[in-house]
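Single-letter residue listing:
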Amino acid sequence: MTTNEILEKMKSMQPLMRANSNNKSKIDSRKQFLKYGVQQTIQTLWSNFPKLQTEADDSNEELKSLKTAGNLLNFQLLETILYNSGIAALKDDFNVAEVLDYLEVKGEIKFLKTRLTFGNSTRPFVVFEEYNFDDNGKLIFNYSLVVPEKMDADEARKMLFNVFNYRPTVPVEIPYKIFYNNCLKVPDLALVNEEYFTLLNKDIEVLIKDSYLSAPWIFSIENASVKKQIEEGLEDLSKRFISLNPQLQMYDYDPLRILQSQSQSQIIIQKIEKNISWIKKFGYFKQDSSDFGTKNMHNVEAQEINSDFEDYIEAKANLRELQLLDFFNKFYKNLNINKVLIYGSTEWLITEARKYTVNQNGAQINSGMQSEENNNDNRGSFNDGTKTSKENNN
C-alpha cells in the first residue's frame with residue numbers, strides 16, 4: 001500500500017476519541033489551573049520566536065530555516081510539558097518529547113527514555129525511544145511504535161517515515177537536550193499544596209448543589225391535572241394560574257404548597273474567590289485587583305500586584321535562555337550563536353523593555369523616557385536588526 005493510499009485510509013477511519021455527553025463531568029480545579037497557567041506562561045514567554053545573537057549573516061539560510069511557525073509551536077509545546085511534568089526533552093530536529101526516564105551527569109546524558117507523539121489527538125502515532133551506552137561507550141538506540149487501531153505495522157511505519165519524517169537512525173550522540181522547569185525539576189502546580197485544590201473542588205460541588213437545593217420545592221396532592229398545570233407553568237408564564245377542584249379541599253385544606261430555602265451561593269462564591277486568590281498567589285499566577293476583594297488600592301499597590309509573577313517569569317525566562325543557548329551550541333555549532341533573548345528575561349528588560357512606556361500590566365514605566373546608558377558592557381546586536389541604546393547612539 002502506498003503512502004497516499006494509507007492517508008486515504010486514515011481519512012475514512014472514524015475518530016477513536018469521542019466526547020461522551022452522558023458522562024458526568026468530574027470537578028477538577030487543578031486541571032483548570034493547569035490549562036490557565038500553561039496558556040499564561042506561553043503567552044508571556046513564547047508569543048514570538050526568541051531572538052538569536054549570532055556571528056552568522058542575517059541571510060544565512062540555516063538560520064532562516066530555524067525561524068518557522070512549526071518550531072515556535074514546538075517551543076510552546078516544550079513549555080507545556082515542562083509546566084505539566086517539570087522535565088522535557090528537545091530533539092536536534094526540534095521535536096519535543098516527554099521524558100520517561102533519564103540519567104544526566106554534569107550536563108551529559110548517559111541514559112534516556114522518551115515518548116514522542118505524532119499526528120493528532122484523535123489518532124496519534126506514539127514512538128518510544130531508548131538511548132543507552134554499553135560498557136565500551138558505544139551508543140545503543142532502540143525504538144518501538146504503538147500502532148494505531150485499524151492499521152497494521154507496515155502501514156504505521158510508512159506513515160511515520162514518509163509523512164512525519166521520523167528517522168530511526170543510530171546517532172553518534174544522544175540527539176536531545178533535557179530541559180528542567182526549575183531547580184526542583186517539578187511542575188509549576190507542585191508549588192501549591194493539594195488541600196487548596198481539594199477545598200476548591202468541594203466548594204464548587206456545594207455551589208452546584210446549592211442551585212438545586214435553593215430551587216422551589218412544590219408539594220401537591222396526587223392529582224395528574226395539578227401536576228401537569230405546574231409543569232406547564234414552569235415553561236410558560238401565561239399558564240401560571242392553576243385552578244383547583246373544590247372537592248380537593250375536602251381531603252386537603254392546602255392542596256398546593258411551595259417551599260424554598262435561602263440560597264447560600266453568595267457566601268460560597270466568596271469562599272471560592274478567596275481560595276482562587278490563594279492558589280494564584282502560591283502558584284505565582286498573574287493576578288488582578290479582583291483577587292483582593294473590594295479593597296481600594298493606591299497606584300503603587302496596584303502596580304505591584306504582579307511583582308511576584310514578574311519575578312517568577314524573569315527567573316524562568318533567564319533559565320530558558322541558558323538552556324536554549326546550550327541546545328544551539330550543541331546541535332547548531334556552525335551558527336556560532338552566543339546569546340538568546342526571550343521575552344521577560346533580565347537581558348530583555350535591559351535591552352528591550354526600555355522602548356515601552358507601560359509594562360504588561362498597563363502600569364506606567366520609563367516615565368519621561370529618560371533612558372540612562374548601561375555602561376557595564378556592550379551587549380551587541382541581534383540578528384533581526386535590534387540594537388542596544390548604546391549602539392544607536394554610536
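The paragraphs below set out a description of the structure included in this document.

Reading the values: rules and limits
- Residues numbered from 1 in each chain as written.
- Predicted model: local features only at pLDDT ≥ 70, side-chain atom pairs only at ≥ 80, totals over all residues.
- Heavy atoms only, no water.
- Helix = DSSP H or I, 4+ residues; strand = E, 2+ residues; numbered from the N terminus.
- Buried < 20%, exposed > 50% of the residue type's maximum accessible area, 1.4 Å probe, protein only.
- Contact = heavy atoms within 4.5 Å.
- Areas by Shrake-Rupley, 256 points an atom, 1.4 Å probe, with all protein chains shown as cover.
- Pairing = 2+ DSSP bridges.
- Axes fitted to C-alpha atoms, helices over the stretch in contact; angles between N-to-C directions.
- 1 Å grid on protein atoms, 1.4 Å probe; cavity = no way out; pocket = protein on both sides within 12 Å on 5 of 7 lines; lining within 4 Å.
- Points joined across faces, edges and corners; volume = space filled by probe spheres on them.
- Phe/Tyr/Trp six-rings, centres within 6.5 Å; stacked < 30°, edge-to-face > 60°.
- Lys NZ or Arg CZ within 6 Å of the ring centre and 35° of its normal.
- Salt bridge = Lys/Arg side-chain N within 4 Å of Asp/Glu carboxyl O.
- Expected span 1.5 Å × (residues − 1).
- Core = buried A, V, L, I, M, F, W, Y, C linked by side-chain atoms within 4.5 Å.

Within the protein chain one finds 12 helices and 10 strands. Expressed as a percentage of the 394 residues in the protein chain, the buried residues total 35%. Considering only residue pairs separated by 6 or more positions, the protein chain has 63% of its internal contacts joining residues 24 or more positions apart. Taken as a whole, the protein chain presents about 24,400 Å² of accessible surface, with 51% of it coming from carbon and sulfur.

So, about the sheet that holds strand 4 (residues 108–119). Strand order in the open sheet formed by 6 strands is 6-5-4-3-2-7, with antiparallel pairing between adjacent strands. Both edges of this open sheet fall to strand 6 (139–146) and strand 7 (176–180), since each of them pairs with a single strand only. Each strand of the sheet is rotated relative to its neighbour by a mean of 30 degrees, with strand direction disregarded. Note: strand 2 (residues 87–91) against strand 3 (residues 96–105), 3 bridges, orientation antiparallel. Within strand 3, the position partnered with Leu90 by the bridge is Val96. Along the sheet, helix 5 (residues 153–163) makes contact with strand 4, strand 5 (124–133) and strand 6, crossing strand 6 at roughly 120 degrees.

Below, the discussion takes up empty space enclosed by the protein. As enumerated under the stated definition, the model contains 1 cavity of 30 Å³ or more in all. What the largest cavity holds in volume is close to 60 Å³. In this structure, the largest cavity is lined by Gly37, Gln40, Thr41, Tyr83, Asp188, Gly283, Tyr284, Phe309, Tyr312, Ile313 and Lys316. Listed by contribution, the elements that provide at least two residues to the lining of the largest cavity are helix 2 (29–45) and helix 10 (307–331). With 4 residues, helix 10 is the single largest residue contributor to the lining of the largest cavity.

Okay, the packing of aromatic side chains next. Enumeration over the complete set of coordinates arrives at 25 aromatic pairs. When the centroid spacing of 6.0 Å and the interplanar angle of 70 degrees are considered together, the rings of Tyr196 and Trp278 count as edge-to-face. Highlighted residues: Tyr196 in helix 6 (residues 194–213) and Trp278 in helix 8 (residues 265–282), separated in sequence by 82 residues. Taken together through their ring pairs, the aromatic side chains of Trp46, Phe49, Phe75, Phe94, Phe327, Phe328, Phe331 and Tyr332 make up a single cluster. Directly above the ring of Tyr180 sits Lys185, whose terminal nitrogen or CZ lies 4.6 Å from the centroid.

Attention shifts here to the pattern of salt bridges. Counting across every chain of the model gives 9 salt bridges. The residue Glu194 makes a salt bridge to Arg30 at a minimum N-O spacing of 2.8 Å. Taken as a pair, Glu194 in helix 6 and Arg30 in helix 2 lie far apart in primary sequence, 164 residues in all. According to the relative accessible area criterion, Arg30 is partly exposed, its value standing at 27%. A salt bridge links Glu205 to Lys209; the shortest N-O distance between them is 3.4 Å. Here Glu205 pairs with Lys209, and both are found in helix 6, just 4 residues apart, close to one helical turn. Among the residues examined, Glu205 registers a relative accessible area of 30% and is labelled partly exposed.

Right, let's get into helix 8. Structural remark: α-helix, 3.6 residues per turn; residues separated by three or four positions point the same way. With 18 residues, helix 8 extends 26 Å from end C-alpha to end C-alpha; this agrees with the ideal 26 Å at 1.5 Å per step. Turning to helix 8, its buried residues are Ser265, Ile268, Ile272, Asn275, Ser277, Ile279 and Lys280. Taken together, the buried residues of helix 8 touch helix 2 and helix 6.

With that settled, consider the nonpolar core. In this structure, Leu66, Leu324, Phe327, Phe328, Tyr332 and Val340 are the most contacted members of the largest nonpolar core, which totals 41 residues. When contributions to this core are tallied by element, the ones reaching two or more residues are helix 2, helix 3 (61–66), helix 4 (69–85), strand 2, helix 6, helix 8, helix 10 and strand 10 (337–341). Examining the composition of this core, we find that 8 residues originate from one element, helix 10, more than from any other. Discounting chain neighbours no more than four positions away, the residues touching Val340 are Pro50, Lys51, Leu52, Glu321, Leu324, Leu325 and Phe328. Residues Val99, Leu112, Met151 and Tyr180 belong to the second largest nonpolar core, which totals 23 residues.

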